[in-house]
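Structural characterization, general
Okay, here's what each chain looks like letter by letter:
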Amino acid sequence: MSFPKTRLRRLRYNPILRDLVSETSLSLNDLIYPIFICEGENIKTEIPSMPGQYNLSIDNAVELCKIAVIKGVKSFLLFGVPDKKDEHGHLACLDNSIVQRAIKSIKKECNNILLIADVCNCEYTTHGHCGTIIDGDVDNDLTLETLASQSVSLAKAGADIIAPSDMMDGRVAIIRKELDNAGYEKTPILSYAVKYSSAFYGPFRNAVNSSPTFGNRNTYQMNPTNKDEAMREVEQDVSEGADMLMVKPALSYLDIISKVKNNFDLPLVAYNVSGEYAMVKAAAANNWIDEQRMIMEIITSIKRAGADIIITYHALELADILNKKNEPKKIYKGI
Ligand code: PBG
């Protein structure tokens, strides 16, 4: 059928009708909020390239979690900003390391909260790479050992989900095996299955001081030109026992999100990364955009592409927007 019988605008005139035929909706249940935890007490240092995001000492992280849970944001991804680093990232495997202590403190004070522990060495190595360096490059198999022991230690501290972000081959299998050996067979693995070597991580690396001191991450993170390879990465992680999958970054990779969603039936997470957040904040600070509308449009597009779950630094702002939208409206005129 064609015009004038068909007028596609008919379904757009009434706002309630627009909502009725809306194909994609956002729920706070689908959001994960990343937080950065540093040593010290009563510390809340804004990350210059990520306005509104902070390095928080454990006491302040606990307070933030309480506020977020009240707003309806219940899932958090924890990153450590340690004050000491070493060659191999061994410090990340200690039971009293920063994230392990944070998990225990948050769990003690907050109920109804889900804590996801990012597993990687880059925040803990002096050279900023994601593993142990041999002959100028990250050695895959040696790195697997630290990743597995970091994972067990985080599970022991109470992490609800283990999320390896290092991109070593075989990490899901060894982490699954070591978690099971240690009695954590109920702890799921959220694999950063498809992680590209991206300029969009810049602000995050400022936040946790994890930029590589030499070279780059191109020998382990994926080349942004590739799509078929993403399927091989996912297949491998699924066969090794991943429970959930991630594509990262999100905005420049919506085609990848869509392809993974169409080919695999595991819950799919997309990471709306630091650089994507920083671009919005920089434009908003200059009054160049309608910030709230842009945040909604970005997160909706990631969902529409096929992500079930979205990790985003906008989570608290989104909670405010969605909670306001869902407030009961006046029904009768005059009341
Ligand atoms: C650690 C890690 C990174 C991010 C999440 N986990 C940085 C990197 O790979 O360099 C990036 C997150 C963001 O940019 O928001 N490997």
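The structure this text deals with has already been given above.
Residues numbered from 1 in each chain as written. Predicted model: local features only at pLDDT ≥ 70, side-chain atom pairs only at ≥ 80, totals over all residues. Heavy atoms only, no water.

Concerning the overall build of the protein
- Of the regular secondary structure elements, the protein holds 11 helices and 12 strands.
- For 335 residues, the compact-globule estimate of 2.2 N^0.38 gives 20 Å, and the C-alpha radius of gyration of the protein, at 21 Å, lies within 12% of that figure.
- Within the protein, the proportion of its 335 residues that are buried is 51%.
- By sequence separation, contacts in the protein at least 24 residues apart represent 73% of the contacts at least 6 residues apart.
- Accessible surface computed for the protein: about 16,400 Å², of which carbon and sulfur atoms make up 51%. (Helix = DSSP H or I, 4+ residues; strand = E, 2+ residues; numbered from the N terminus. Rg over C-alpha atoms; globule rule 2.2 N^0.38 Å. Buried < 20%, exposed > 50% of the residue type's maximum accessible area, 1.4 Å probe, protein only. Contact = heavy atoms within 4.5 Å. Areas by Shrake-Rupley, 256 points an atom, 1.4 Å probe, with all protein chains shown as cover.)

Here we look at helix α5 (residues 171–181)
- Restricting attention to buried positions, one finds in α5 the residues Arg-171, Val-172, Ile-175, Arg-176 and Leu-179. End-on view of α5: buried residues confined to an arc of 125 degrees, all on one side of the axis. Exposed residues on α5 whose side chains face more than 90 degrees from its buried face are Lys-177 and Asn-181.
- Turning to α5, the residues buried within the fold contact α4 (140–157), β8 (161–164), β9 (190–195) and α7 (228–240).
- Following α5 by one or two positions, Gly-183 adopts a phi angle in the positive range, close to 95 degrees. (Arc of directions from axis to C-beta.)

Looking at the environment of Asp-141
- One can find Asp-141 in helix α4.
- Under the relative-accessibility criterion, Asp-141 is labelled exposed at 53%.
- For Asp-141 and Asp-169, which are 28 residues apart along the polypeptide, the C-alpha to C-alpha distance reads 8.2 Å.
- At 3.0 Å, the side chain of Asp-141 forms a polar contact with the side chain of Asn-140. (Polar contact = N/O pair within 3.5 Å; in protein donor to acceptor, adjacent residues only side chain to side chain.)

A few points about the packing of helix α9 (residues 274–285) against helix α10 (residues 291–305)
- Direction vectors running N to C along α9 and α10 enclose 160 degrees, while the axes themselves pass 10 Å from each other. Relative to α10, the element α9 is oriented roughly antiparallel. Here the hand of the crossing between α9 and α10 comes out right-handed. Residues Val-280, Lys-281 and Ala-284 of α9 form the contact with α10, whose participating residues are Glu-291, Met-294, Ile-295 and Ile-298. (Axes fitted to C-alpha atoms, helices over the stretch in contact; angles between N-to-C directions. Parallel < 35°, antiparallel > 145°, perpendicular 65-115°, else oblique. Left-handed = near helix turned anticlockwise from the far one by under 90°.)

A short note on the site of the ligand
- If you check the shell around the ligand, you find 17 residues, and the closest are Lys-195, Arg-205, Lys-248, Ser-274 and Tyr-313.
- For the ligand, an oxygen atom lies 2.9 Å from a polar atom in the side chain of Gln-221.
- Contact between the ligand and Ser-274: an oxygen atom at 2.7 Å from a side-chain N or O atom of the residue.
- Within the complex, the protein chains bury 100% of what would otherwise be the 400 Å² of accessible surface of the ligand.
- The residue makeup of the shell around the ligand, split by class, is 9 nonpolar, 3 polar and 5 charged. (Near = heavy atom within 4 Å. Nonpolar A, V, L, I, M, F, W, Y, C, P; charged D, E, K, R; others polar.)

Focus on the packing of aromatic side chains
- This model, assessed by the stated rule, comprises 9 aromatic pairs.
- Ring geometry for Tyr-271 versus Tyr-313: centroids 6.1 Å apart, planes at 45 degrees, classification tilted. On the criterion of sequence distance, the pair formed by Tyr-271 in strand β11 (residues 268–272) and Tyr-313 in the loop between β12 (309–312) and α11 (315–325) is long-range, its members being 42 residues apart. Each member of the pair Tyr-271 and Tyr-313 is classed as buried.
- Feature note: the residues Phe-36, Phe-79, Tyr-192, Phe-204, Tyr-271, Tyr-277 and Tyr-313 constitute an aromatic cluster, connected by ring pairs.
- The ring of Tyr-201 carries Lys-195 above its face, with NZ or CZ at 5.5 Å from the centroid.
- Here Lys-248 stacks its cationic end above the ring of Tyr-201, 4.5 Å away from the centre of that ring. (Phe/Tyr/Trp six-rings, centres within 6.5 Å; stacked < 30°, edge-to-face > 60°. Lys NZ or Arg CZ within 6 Å of the ring centre and 35° of its normal.)

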